[in-house]
Amino acid sequence: MKIKTCEINDLEQLVPAFDSYRQRYKQPSEPQKIEQFLRQMLEQKTSTMFLSYEGDELTGFVQLYPSYSSIGLAPIWTLNDFYVFGGTGRKQTAEALLNAAKDLCKETDAIRIEVTTRKENHRLHKIYRDYGFEKDYKYDYYFLRVKEQDMASKMLK
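Residues numbered from 1 in each chain as written. Predicted model: local features only at pLDDT ≥ 70, side-chain atom pairs only at ≥ 80, totals over all residues. Heavy atoms only, no water.

**Concerning the overall build of the protein**
Here's step 1: What the protein contains, in helices and strands, is five helices and five strands.
Here's step 2: Counting helices and strands in the order they occur from the N terminus, the protein gives β-α-α-β-β-β-α-β-α-α.
Here's step 3: What you see for the protein is a C-alpha radius of gyration of 16 Å, in line with the 15 Å of a compact globule of 157 residues.
Here's step 4: Considered along the principal axes of its C-alpha atoms, the protein spans approximately 45 × 40 × 35 Å.
Here's step 5: Burial statistics for the protein: of 157 residues in total, 38% are counted as buried. (Helix = DSSP H or I, 4+ residues; strand = E, 2+ residues; numbered from the N terminus. Rg over C-alpha atoms; globule rule 2.2 N^0.38 Å. Buried < 20%, exposed > 50% of the residue type's maximum accessible area, 1.4 Å probe, protein only.)

Here you go:
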């Protein structure tokens, strides 16, 4: 297994996988929009993605967005997209991608990784718990919907 930082030349292989990932969350297939979105993220360096490979086959990815803690006076990373879809050792692939995310935090002096996932996604909850993520029982998560028609926004409630 190999983990690498995503680059523009990886988009051809990544776009169909990202499209499949979005469809799991009941989003329409939109390869052109996905390619444009990911290209912009990579060119502007507004996110960091790690890709996992078995040989030449893409088997998963994780995407993180930088943020900051004013209280902690330090960067944090938001793990927004995490998808393992192939390979022989899915647990090992998931762990390797999370290790890459953790290493990114160390390299950037970030104090934590934050992640939100749907309550019924028990498999992903277990992956995060087994890796060492802690569940937050102190704070409530709120969101303000600014575009009512957006399908992705509707999945938040």
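**Description of the sheet that holds strand 5 (residues 113-115)**
Here's step 1: With mixed pairing, five strands are arranged side by side in an open sheet as 1-2-3-4-5. Looking at the sheet topology across the chains shown, the edges are occupied by strand 1 (2-5) and strand 5. Adjacent strand axes in the sheet meet at a mean angle of 30°, parallel and antiparallel pairs treated alike.
Here's step 2: Pairing geometry for strand 4 (residues 74-84) and strand 5, over three bridges, is parallel. Its bridge partner lying in strand 5, Trp77 is registered against Ile113.
Here's step 3: Contacting strand 2 (48-54), strand 3 (57-69) and strand 4, helix 1 (residues 11-24) crosses the sheet at an angle of about 75° to strand 3. (Pairing = 2+ DSSP bridges. Axes fitted to C-alpha atoms, helices over the stretch in contact; angles between N-to-C directions. Contact = heavy atoms within 4.5 Å.)

**Comments concerning the nonpolar core**
Here's step 1: Formed by 19 residues in total, the largest nonpolar core has its most connected members in Phe50, Val62, Leu64, Leu79, Phe82, Ile113 and Tyr128.
Here's step 2: Those elements giving two or more residues to this core turn out to be strand 3, strand 4, helix 3 (90-107) and helix 4 (122-131).
Here's step 3: The leading source of residues in this core is helix 3, at seven residues.
Here's step 4: Once residues within four sequence positions are removed from consideration, Ile113 is found in contact with Leu64, Trp77, Leu79, Ala101, Lys102, Cys105 and Phe133.
Here's step 5: Counting residues in hydrophobic clusters, the runner-up holds 16 residues, among them Leu14, Ala17, Tyr21 and Leu38. (Core = buried A, V, L, I, M, F, W, Y, C linked by side-chain atoms within 4.5 Å.)

**Structural notes on helix 4**
Two residues of an α-helix separated by three or four positions point the same way, owing to the 3.6 residues in each turn.
Here's step 1: Turning to helix 4, its buried residues are Leu124, His125 and Tyr128. The arc that holds the buried residues of helix 4, viewed along the axis, is 105°, so those residues lie on one side. Seen from the open side of helix 4, the exposed residues pointing more than 90 degrees away from its buried face are His122 and Arg123.
Here's step 2: Next to the buried residues of helix 4 lie strand 4, helix 3 and strand 5.
Here's step 3: Phi for Gly132, located one or two positions after helix 4, is positive at around 120°. (Arc of directions from axis to C-beta.)

**Things to note about the packing of helix 3 against helix 4**
Here's step 1: Direction vectors running N to C along helix 3 and helix 4 enclose 55°, while the axes themselves pass 11 Å from each other. Between helix 3 and helix 4, the angle is such that the two are oblique. Every pair of crossing elements has a handedness; the one defined by helix 3 and helix 4 is right-handed. In this structure, helix 3 uses Ala94, Glu95, Leu98, Asn99 and Lys102 to contact helix 4, whose residues at the interface are Ile127, Tyr128 and Tyr131.
Here's step 2: Here the contact of helix 3 with helix 4 is built from residues that sort into five nonpolar, one polar and two charged. (Parallel < 35°, antiparallel > 145°, perpendicular 65-115°, else oblique. Left-handed = near helix turned anticlockwise from the far one by under 90°. Nonpolar A, V, L, I, M, F, W, Y, C, P; charged D, E, K, R; others polar.)

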